[in-house]
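Residue-level structural notes
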Amino acid sequence: VLFSIYRLKVRTYQENIENLIRERTSELRDSQARLKALTDVTTEGIIILEQNISLAVNKTFIEMFGYEEEELLHRQMLFLIPEEKRDSLVKILALRSTDPFESSGRRKDGSTFPLQIQGSSVEMDDRELRAFVLQDLTKQKLQEKRNKELEKSLERSKKMESIGLLAGGVAHDLNNILSGIITYPELILMKLPEESTLRRPVQAIQKAGKRAAEVVADLLTVARGVAMVMEPFSLNAIIEEYLNSPEYRNLMKLHPAIDVKTELQADLPTIVGSPLHIMKNLLNLVTNGAEATNGPGNITIKTNTEDLEKDQAEPLELPPGSYVTLSVADEGTGISADDLKRIFEPFYSRKVTGRSGTGLGLAVVWNTMHDHKGAVHVASNNSG
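The shown structure was predicted, so the numbers you read here are calculated from the model rather than taken from an experiment.

1. Here's the deal with the nonpolar core
- Ranked by internal contacts, the top residues of the largest apolar core, which has 22 residues, are Phe61, Phe65, Leu72, Ile117 and Leu134.
- The set of elements that each furnish at least two residues to this core consists of β1 (45-50), α2 (59-65), α4 (83-94), β4 (112-124) and β5 (127-136).
- Not counting chain neighbours up to four residues away, the residues in contact with leucine 72 comprise Ser54, Val57, Phe61, Ile62, Tyr67, Phe79 and Leu80.

2. Some points on unusual backbone geometry
- Positive phi values are uncommon outside glycine, yet glutamate 317 reaches one of about 60°.
- Owing to a relative accessible area of 38%, glutamate 317 belongs among the partly exposed residues under this scheme.
- Positive phi values are uncommon outside glycine, yet lysine 373 reaches one of about 60°.
- With respect to the helices and strands, the residue lysine 373 is situated in the segment after α12 (361-371).

3. Some words on the packing of helix α7 (residues 235-243) against helix α9 (residues 275-293)
- At a closest axis distance of 10 Å, the pairing of α7 and α9 adopts a crossing angle of 55°. Our classification of the angle between α7 and α9 gives oblique. Of the two elements, α7 crosses α9, and the hand of that crossing is right-handed. Contacts from Leu235, Ile238, Ile239, Glu241 and Tyr242 in α7 reach Pro275, Ile278, Met279, Leu282, Leu283 and Val286 in α9.
- Within the contact of α7 with α9, the residues separate by chemical class into 10 nonpolar, no polar and one charged.

4. Re the pattern of salt bridges
- Tallying each qualifying case throughout the model produces seven salt bridges.
- Ionic pairing is found between glutamate 71 and lysine 108, a salt bridge with its closest N-O pair at 3.0 Å. Of this pair, glutamate 71 sits in helix α3 (residues 69-72) while lysine 108 is found in the loop between β3 (101-106) and β4, placing the two residues 37 residues apart along the sequence.
- Of the charged contacts, one joins glutamate 263 and lysine 302 as a salt bridge, the two residues approaching to 3.7 Å between their closest N and O atoms. Pair noted here: glutamate 263 is in strand β7 (residues 258-264) and lysine 302 is in strand β9 (residues 297-308), with a separation of 39 residues, a long-range link.
- With relative accessibility at 37%, the residue lysine 302 sits in the partly exposed group.

5. With respect to the confidence of the model for the protein
- Summary statistics for the protein give a mean pLDDT of 79 and a share of 76% for residues scoring 70 or more.
- Counted against residues more than four places away or in other chains, residues 352-356, with its pLDDT under 50, gives two contacts.

6. Quick notes on helix α8 (residues 246-254)
- Buried within α8 we find Tyr248, Leu251 and Met252. Along α8, the residues classed as buried sweep out an arc of 100° about the axis, all on the same side. Seen from the buried face of α8, the exposed residues on the opposite side, beyond 90 degrees, are Lys253 and Leu254.
- Buried residues along α8 sit in contact with α7, β7 and α9.

7. Description of the environment of phenylalanine 344
- Checked against the element boundaries, phenylalanine 344 lands in the loop between α11 (337-340) and α12.
- For the pair formed by phenylalanine 344 and leucine 362, sequence separation is 18 residues and the distance between their alpha carbons is 5.2 Å.

8. Brief notes about the sheet that holds β9
- Judged by pairing direction, the sheet is mixed, and its three strands sit side by side in the order β7-β9-β10 without closing on themselves. Unpaired on one side and paired on the other, β7 and β10 (321-330) mark the two borders of the sheet. Across the sheet, the axes of successive neighbouring strands diverge by a mean angle of 15°, strand direction being ignored.
- Where α9 meets the sheet, its contacts fall on β7, β9 and β10, and the angle it forms with β10 comes to roughly 35°.

9. Re α4
- Compared with the 16 Å implied by 1.5 Å per residue over 12 residues, the 17 Å span of α4 between its first and last C-alpha is a close match.
- Note on α4: the residue one or two positions beyond its end, arginine 96, has a positive phi of about 60°.

10. Considering a nonpolar patch on the surface
- Together, Leu174, Ile177, Ile181 and Ile205 make up a nonpolar patch on the protein surface, roughly 330 Å² of accessible area in all.
- The element that contributes the greatest number of residues to the nonpolar patch is helix α5 (residues 138-191), accounting for three residues.
- Secondary-structure assignment places isoleucine 205 in helix α6 (residues 199-222).

Cut-off values and rules
Residues numbered from 1 in each chain as written. Predicted model: local features only at pLDDT ≥ 70, side-chain atom pairs only at ≥ 80, totals over all residues. Heavy atoms only, no water. Core = buried A, V, L, I, M, F, W, Y, C linked by side-chain atoms within 4.5 Å. Buried < 20%, exposed > 50% of the residue type's maximum accessible area, 1.4 Å probe, protein only. Helix = DSSP H or I, 4+ residues; strand = E, 2+ residues; numbered from the N terminus. Contact = heavy atoms within 4.5 Å. Axes fitted to C-alpha atoms, helices over the stretch in contact; angles between N-to-C directions. Parallel < 35°, antiparallel > 145°, perpendicular 65-115°, else oblique. Left-handed = near helix turned anticlockwise from the far one by under 90°. Nonpolar A, V, L, I, M, F, W, Y, C, P; charged D, E, K, R; others polar. Salt bridge = Lys/Arg side-chain N within 4 Å of Asp/Glu carboxyl O. pLDDT = per-residue confidence, 0-100. Arc of directions from axis to C-beta. Pairing = 2+ DSSP bridges. Expected span 1.5 Å × (residues − 1). Patch = residues over 30% accessible without salt bridge, like charges linked within 9 Å, V, L, I, M, F, W, Y side chains within 5 Å. Areas by Shrake-Rupley, 256 points an atom, 1.4 Å probe, with all protein chains shown as cover.

Shown next as structure tokens:
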């Protein structure tokens, strides 16, 4: 009887131990499941290391680098870092700092991305573990770049607006002065005989006055908000009209080696704007292209329709949507990065003074397009 009682107590004790083990195992599994669920829903990658060997990674970490989980475990972390960044990373890790720092990550496909890393030490069963939290900075860096571009664009718009106000005031004053310079030579020529030696100097004064009047007209266009007659028109028709104009023929006489080609979209939508000012823009762009080519080469005029997404429209300060585009491409030597930043400023010109215009051409283009609720984009193979 005593033996039976003893065996019963042992069996009960064993059952209690087994139940306790099952409970603790279940609790451990639940705890591990909760921990995994918590780490997997975070937007940061998490890796746990012991002596620089990976013991565990979460789902975000796996997705961040594009590996399978088994490919990441029991390996050193450095293979996930580009070679040129490894030495600096090792030095930072040796300091045991808990401050976040920036580095780069390398995905399985070989592509790299900006990365922020923050680490901390963990003591567990007399073992020292290191836990690292990694954040992919790709979107943040892209947004920072866009913000800088928007800031530069806003700064340029304010600068152009200030210059435009100044240009408008100067233009109105010059108009009053030029009225006499343009009018009186015409009256003098009417009374001078054909053989008079004064005819040529007076004609030179008249020509200079008309040229000055053209500069004033450009200044008024640079002055934002200039009155424009807005009407529906075909951009393709404006291009054809320009290619049959005296201005175009004169330009081709000065640059006989230039070949102008057109690639016009047949079903181009009608737009609303000022045909006169758009024609002036086209003239300025083609003239610029011809002078930049300065020898044999092609100038290509294109029209098209484009749908701009938000990320494409924002740098141009435009809302997303469909736009009609006009592009003029030349085969010149290109524009340096320094010049590219300033080409739309009034009177900023790399051309020969007195021979190739006043430096207002691209300023007129920039202001006209903004007055038409559009934008200008320039690209050069020589701008870096």
